[in-house]
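# Structural overview
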Amino acid sequence: MEIRYTDKRDFTEKQAEDLFLSVDWASGKHPEHLYKALMNCETVFTAWDGKRLIGLANAIDDGGMTAYVHYLLVHPDYQGSGIGRELTEMMKRRYKDFLYLFLVAENPPLVGYYEGLGFTKQDGTSVMSINKR
């Protein structure tokens, strides 16, 4: 298996939808919004097996101080093969000069995984949102 990584946004709305639904993420149920968001955020890295989109990470940033990794996902058929780690390392290289790189671990079992990638849990913080779905 030869995985190709890129920062080109050459995926289709359907490919993004399929990847997000493969991990049962609600964003995949809103493909038009998802695609528009991915096309307009500051950074998107993708992983490919041939013409199959198998992984994606994106970030939103303020241009110099803080970046937020919004999505980091790998198709279940490819999880455990280092793709998530490589996408994270690409993000860390991209934002190496920023003061902060944040990521929200919405799945508690992934906290240890992200800690292994260099992130630390922030005590005293709470994720807040307004959810309109």
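One can find the structure itself at the top, above this paragraph.
What comes next concerns the included structure.

Calculation rules
- Residues numbered from 1 in each chain as written.
- Predicted model: local features only at pLDDT ≥ 70, side-chain atom pairs only at ≥ 80, totals over all residues.
- Heavy atoms only, no water.
- Helix = DSSP H or I, 4+ residues; strand = E, 2+ residues; numbered from the N terminus.
- Buried < 20%, exposed > 50% of the residue type's maximum accessible area, 1.4 Å probe, protein only.
- Pairing = 2+ DSSP bridges.
- Axes fitted to C-alpha atoms, helices over the stretch in contact; angles between N-to-C directions.
- Contact = heavy atoms within 4.5 Å.
- Patch = residues over 30% accessible without salt bridge, like charges linked within 9 Å, V, L, I, M, F, W, Y side chains within 5 Å.
- Areas by Shrake-Rupley, 256 points an atom, 1.4 Å probe, with all protein chains shown as cover.
- Salt bridge = Lys/Arg side-chain N within 4 Å of Asp/Glu carboxyl O.

Examined against the element boundaries, Gly50 turns out to sit in the loop between strand E2 (43-49) and strand E3 (52-61). On the accessibility criterion, Gly50 (47% relative accessible area) is partly exposed. Each C-alpha atom of the pair Gly50 and Tyr71 lies 22 Å from the other, and the pair is 21 residues apart in sequence.

This part is about the sheet that holds strand E1 (residues 3-6). Read across the sheet, five strands follow the order E1-E2-E3-E4-E5 without closing on themselves; strand pairing throughout is mixed. The outermost strands of the open sheet, each flanked by one partner alone, are E1 and strand E5 (100-103). In this sheet, neighbouring strand axes are inclined to one another by 20 degrees on average, regardless of whether the strands run parallel or antiparallel. Relative to strand E4 (residues 66-74), E3 runs antiparallel, the two being bridged by seven bridges. Residue pairing for E4: Ile60 is matched across the bridge by Tyr68. Most of the contacts of helix H1 (residues 13-22) go to E3, to which it runs at about 90 degrees, and overall it touches E2, E3 and E4.

Among the surface-exposed residues, Ile60, Met65, Tyr68, Leu99, Tyr100 and Phe102 lie close enough to one another that they form a single nonpolar patch of about 600 Å² accessible area. With respect to the helices and strands, the residue Leu99 is situated in the loop between helix H3 (83-94) and E5.

Summed over all chains, the structure comprises six salt bridges. For Arg52, the salt bridge goes to Asp77, with nearest N and O atoms at 3.2 Å. Residue Arg52 is found in strand E3, and its partner Asp77 is found in the loop between E4 and H3; the two are separated by 25 residues along the sequence. Its relative accessible area of 35% is what places Arg52 among the partly exposed residues. With relative accessibility at 56%, the residue Asp77 sits in the exposed group. When the shortest N-O distance is used, the salt bridge between Asp97 and Lys96 registers 3.3 Å. The burial state of Asp97 is the same as that of Lys96; both residues are exposed.

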